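# Understanding the architecture of this molecule
One letter stands for each residue in the lines below.
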Amino acid sequence: MRTLMTSIFLFLGFALSAQQCGGFLPDKKGAKWEITTFNAKDKEIGKANYELVDVAKQGDVTTYTVKVTSKIGRNSQTHESMYTATCKNGKFEFSMKQAMTGMAMGPYKDMEWDVDASALEMPDINAEPGTALKDGSLIMDVTNEGAKVYHMEMFITERQVENHDKKETPVGTYDCIQIKQRITTKTMFTIDMVTKEWYTDGIGLVASEVYTVKGKLASYTRLTSFDTN
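Residues numbered from 1 in each chain as written. Predicted model: local features only at pLDDT ≥ 70, side-chain atom pairs only at ≥ 80, totals over all residues. Heavy atoms only, no water.

## A few points about the overall build of the protein
Just so we agree on the cut-off: The way it works is that DSSP assigns letters per residue, a run of H or I at least four long becomes a helix, a run of E at least two long becomes a strand, and they are numbered from the N terminus. Relative accessible area decides the class of each residue, using a 1.4 Å probe on protein chains only: under 20% of the type maximum gives buried, over 50% gives exposed, and in between gives partly exposed. It only takes one pair of heavy atoms within 4.5 Å for two residues to be counted as in contact. Here, Shrake-Rupley sampling with a 1.4 Å probe gives the accessible areas, and only protein chains in the shown set may cover a residue.
The helix and strand tally for the protein stands at one helix and 13 strands. Along its sequence from the N terminus, the protein presents helices and strands in the succession α-β-β-β-β-β-β-β-β-β-β-β-β-β. A total of 229 residues make up the protein; the buried ones form 47% of that total. Taking the contacts inside the protein whose residues are at least 6 apart along the sequence as the reference set, 53% of them involve residues at least 24 apart. When the accessible surface of the protein is summed, it comes to about 11200 Å², and 45% of that surface belongs to carbon and sulfur atoms.

Printed below as a string of structure tokens:
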């Protein structure tokens, strides 16, 4: 269960980095970047490599196609997946279903999924601190030969722009918009976490931090490479 929860937060943060035209995702085809996840003791526990394999524009619609190669844990298997992000009239809507791709649900990848996922919007990259954002939700059932083997509900609430500040990463220091939100995940039990995420124009997510509701750091991510050549 710990690995599954780490995967969910990891992939949610990665997916969110693709949520707005001209700000939250590179726009140059072939761009590659890497995000690494660490636990609270600064030990590496996961890594994901991204490649923007296509950018297609038709009228006022831009569609991004991203390849993800990821791994959680030193001895775990590497997983590959693809996702697309669509932006229309400068607004991007990302289905939370994408948060469950690839390794996030590795043990259940060959089973049947029934997923009801909402869209999750990102603000303008220059939005004012205090700007409230819409909630998101995801309800999923996994079955194997007709028998239900897993049920999960995820709710993202209390979303807002916290501020604009600089965030240091191994790649460099970036001017960022910071977003804070609460993630409630219900399986056999309920887990409440608070995440802080830093996004920079033209790259997307460069850092995130996951906290317990009591304020204790659980894990964090940092951008560890970025290449547009």
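Okay, back to it.
## What to know about unusual backbone geometry
One non-glycine residue, Asp 42, lies in positive phi territory at about 70°. Along the chain, Asp 42 falls in the loop between strand S1 (32-39) and strand S2 (44-58). Take Asp 42: its relative accessible area is 54%, and that puts it in the exposed class.

## Side note on the side chain of Gln 178
Within the secondary structure, Gln 178 is located in strand S10 (residues 173-186). Looking at Gln 178, the relative accessible area reads 5%, which means it is buried.

## Description of the pattern of salt bridges
So the rule is basically this: Just to be clear on terms, a salt bridge is a Lys or Arg side-chain nitrogen sitting within 4 Å of an Asp or Glu carboxyl oxygen.
Counted by the stated rule, this structure contains nine salt bridges. Notably, a salt bridge pairs Arg 182 with Asp 192, separated by 3.3 Å at the nearest N-O pair. Of this pair, Arg 182 sits in strand S10 while Asp 192 sits in strand S11 (residues 190-200), and the two are 10 residues apart along the sequence. Residue classification places Asp 192 among the partly exposed positions, given a relative accessible area of 26%. Several salt bridges share partner residues, and in doing so they unite Glu 34, Glu 44 and Lys 47 into one network.

## Concerning the packing of aromatic side chains
Our working rule: Planes of paired rings set the category: under 30 degrees apart is stacked, over 60 is edge-to-face and the rest tilted, where pairs are Phe, Tyr or Trp rings (Trp by its six-membered ring) whose centres lie within 6.5 Å. Think of it as a cone above the ring: NZ of Lys or CZ of Arg counts as a charge over the ring if it is within 6 Å of the ring centre and within 35 degrees of the ring normal.
One pass over the structure, following the stated rule, counts two aromatic pairs. Between Trp 33 and Tyr 50, the ring centres sit 5.4 Å apart and the planes meet at 10°, which makes this aromatic pair stacked. Of this pair, Trp 33 sits in strand S1 while Tyr 50 sits in strand S2, placing them 17 residues apart in sequence. Accessibility classification places Trp 33 together with Tyr 50 in one group, the buried group. Considering the side-chain rings of Phe 38 and Tyr 220, the 5.1 Å spacing of their centres and the 20° angle between planes classify their relative orientation as stacked. Taken together, the residues Phe 38 in strand S1 and Tyr 220 in strand S13 (residues 217-227) connect sequence positions 182 residues apart. Taken as a pair, Phe 38 and Tyr 220 share a single burial class, namely buried. We note Lys 167 situated over the ring of Trp 198; from NZ or CZ to the ring centre the distance is 3.9 Å.

## Looking at the environment of Lys 214
Structurally, Lys 214 can be placed in the loop between strand S12 (204-212) and S13. Spatially, the C-alpha atoms of Lys 214 and Asp 192 are 9.8 Å apart, while their sequence positions differ by 22 residues.

## Quick look at the nonpolar core
Operational definition: The criterion is simple. A nonpolar core is a set of buried Ala, Val, Leu, Ile, Met, Phe, Trp, Tyr and Cys residues joined through side-chain atoms within 4.5 Å.
Of all hydrophobic cores here, the largest spans 31 residues; its most connected members are Trp 33, Val 66 and Val 206. When contributions to this core are tallied by element, the ones reaching two or more residues are S1, S2, strand S3 (61-72), strand S4 (79-88), S10, S11 and S12. With four residues, S10 is the single largest residue contributor to this core. Judged by nonpolar contacts, the second largest core, of 12 residues, contains Val 115, Leu 138, Met 140 and Met 154.

## Describing the pairing of S12
Applicable threshold: Strand pairing is assigned whenever DSSP identifies at least 2 bridges connecting the two strands.
Extensive coverage of S12 is indicated by the burial of eight of its nine residues. In this structure, S11 lies alongside S12, joined through eight bridges in antiparallel fashion. Residue Lys 196 lies in a different strand from S12, and its bridge partner there is Glu 209. Turn length for the S11-S12 hairpin, with the two strands adjacent in sequence and antiparallel, is three residues, and the turn residue Gly 202 shows positive phi of about 90°. Where S12 meets S13, five bridges bridge the pair, whose relative direction is antiparallel. From the neighbouring strand, Ala 207 faces S13, where its bridge partner is Arg 222. Once S12 ends, the chain turns through four residues before running back antiparallel as S13, passing Gly 215 with a positive phi of about 95°.

So yeah, pure geometry; function would need other evidence.
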